Amino acid sequence: MSAYSQKMAGFGSAWARAGLLAALAAAGGCVAPRPEAPAPQAAEAAAPAKALEREASFDDLAVLTEALLLVQRHYVEERPFRDVVYGAIDGMLAELDPNSSFLPPKPLADLEEETKGSFGGIGVSVGVQDGGVKVIAPIEDSPAFKAGIHAGDTITAVDGKKLEGTSVDEAVKAMRGEKGSPVKITVERPNGDKAELALVRDEIKLTPVKGVRALGEGIGYVRITQFNEPAVEDFSKALAALEKDRITDLIIDLRDNPGGLLESAVGIAEQILPRGKEIVTVRGRDGVEAQQRFEAGPCERRFTDVPIAVLVNGGSASASEILAGALKAHKRAVLVGEKTYGKASVQNVIKLALRPDCAVRLTTGFYYTPDGKLIHGTGIEPDVQVPVSKSEWRQAQMKRLYEESPGSSTGGMQNLMPGVKDEPLERAKDLLKGARILKKG
């Protein structure tokens, strides 16, 4: 070891021991409130172990501090020390899982903007699966949707930069950008085919509730596209509109809904579940002992007696699976379509006490359905399987888009409408009508 290395190591250790105690306390780390004094014998036994544990923690933090200082002093290109620190935090969180990440001011502001309903990009929701960036669902009428990107596709590169091994946030950052800016996306289909697509970014507006209408014969329809902040109120308005149509049955369409906010999923579920019914539990590292239970609270309007069918597919993820899982567990609805995605880990965005314009997005638990089933990595099987090919689903989407907004950019699609059929929707309607007949009998 050189003289310089010895000096740096000693400086890092001393600096860490002297200064990190206050930072840890502020961040809720190793320093905790003083507990009740234990019995003398217990205290004597516990004291050496606690001291060793504290000593080891400070030594490890000193190693991190030393590494940061070495980078600042010796890296070939001078970098702002804040960038080095932020990179260290980001690397630490990325090592945990693909969904945990560090959010400096700009990414944090982008995330807050997205939950409110709009952002600039190509319009696709993604997750990391088997080391690749997998498309959960494209947002309809977005650049990605128009270019033919489907759920299940893998985005392998953006502007020639490979995404293999990247985090969700890094992939999203690469695809986001100002409206009107060009971007090239390399896509690999499930069958192995590859395509390079030239897209132009656009403003992506997320309307959470669409297509509210009566389908005839007493059946109402509502589609939830995203569980963002306005979703709960918009769903309530949709139910009020359908109530005026005197519907007797309801279809909720969650296909290609990638999820969103836990609070929005709970707020929608409690409008159609009896009060007090469990919606979902969140279990952290301590399992059942540390679980957080969400149940249906007070609500102005409930359709608790209206039979429901829920449409799901491989693009239904996260908050969609919470809603679908709760309704299935309580036998409140029949699920129709294809197995859901299976993304049900909980990410909390925690702002830093020492720097409130930054945050960490941290996986803190997994969602469990009211009947105790883990959603993450397994998904939810529908009660009635209705498989649909990608081409059939694409046609059904285009037909639906034209019906819901005839002035949209689906020019000429009306000529294709007569021969297009949404098989899962038709099956759901038949199931509800059949149940009605049996009930009368």
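Thresholds, definitions, all that
- Residues numbered from 1 in each chain as written.
- Predicted model: local features only at pLDDT ≥ 70, side-chain atom pairs only at ≥ 80, totals over all residues.
- Heavy atoms only, no water.
- Pairing = 2+ DSSP bridges.
- Helix = DSSP H or I, 4+ residues; strand = E, 2+ residues; numbered from the N terminus.
- Contact = heavy atoms within 4.5 Å.
- Axes fitted to C-alpha atoms, helices over the stretch in contact; angles between N-to-C directions.
- Phe/Tyr/Trp six-rings, centres within 6.5 Å; stacked < 30°, edge-to-face > 60°.
- Lys NZ or Arg CZ within 6 Å of the ring centre and 35° of its normal.
- Parallel < 35°, antiparallel > 145°, perpendicular 65-115°, else oblique.
- Left-handed = near helix turned anticlockwise from the far one by under 90°.
- Buried < 20%, exposed > 50% of the residue type's maximum accessible area, 1.4 Å probe, protein only.

**Q** Tell me about the sheet that holds strand β16 (residues 333–337), and please be specific about residues and values.
**A** Taken in spatial order, the 6 strands make up an open sheet running β10-β11-β12-β15-β16-β19, and their pairing is mixed. Strand pairing shows two members of the sheet lacking a second neighbour, β10 (209–216) and β19 (384–385), which therefore form its edges. In this structure, β16 lies alongside β19, joined through 2 bridges in parallel fashion. Residue Val 336 lies in a different strand from β19, and its bridge partner there is Val 384. Against the sheet, helix α7 (residues 231–244) makes contact with β10, β11 (219–224) and β12 (249–253), and its axis sits at roughly 15 degrees relative to β10, the strand it touches most.

**Q** Any details on the packing of aromatic side chains? Residues and values, ideally.
**A** In this structure the tally under the stated criterion is 1 aromatic pair. Above the ring of Tyr 368, the side-chain terminus of Arg 283 is found at 4.1 Å from the ring centroid. Sitting over the face of the ring of Phe 145, Arg 394 holds its NZ or CZ atom 4.2 Å from the ring centroid.

**Q** A description of the packing of helix α8 (residues 262–269) against helix α9 (residues 319–329) should follow, citing residues and the corresponding values.
**A** Close contact between α8 and α9 brings their axes to 9 Å; oriented N to C, the two are set at 30 degrees. On the basis of the axis angle, α8 is roughly parallel to α9. Handedness of the crossing formed by α8 with α9: right-handed. Contacts between α8 and α9 involve Leu 262, Ala 265, Ile 268 and Ala 269 from the former and Ala 319, Ile 322 and Leu 323 from the latter.

**Q** Which residues make up the pairing of strand β7 (residues 182–188), and what values do they have?
**A** For strand β5 (residues 154–158) and β7, the ladder comprises 4 bridges, and the chain directions are antiparallel. Bridge pairing in β7 places Thr 154 opposite Glu 188. Relative to strand β8 (residues 194–200), β7 runs antiparallel, the two sharing 7 bridges. What sits directly across from Glu 188, in β8, is Lys 194. Counting the residues between successive antiparallel strands, the hairpin from β7 to β8 contains 5 residues, one of them, Gly 192, with a positive phi of roughly 100 degrees.

**Q** Report on the environment of Ala 214, specifying residues and quantitative values.
**A** Within the secondary structure, Ala 214 is located in strand β10. Here Ala 214 falls in the partly exposed class, since its relative accessible area comes to 43%. Linking Ala 214 and Leu 250, residues 36 residues apart in sequence, is a C-alpha distance of 9.1 Å. Once you skip the residues sitting within four places of it in the chain, Ala 214 turns out to touch Ile 219, Gly 220, Leu 242 and Asp 245.

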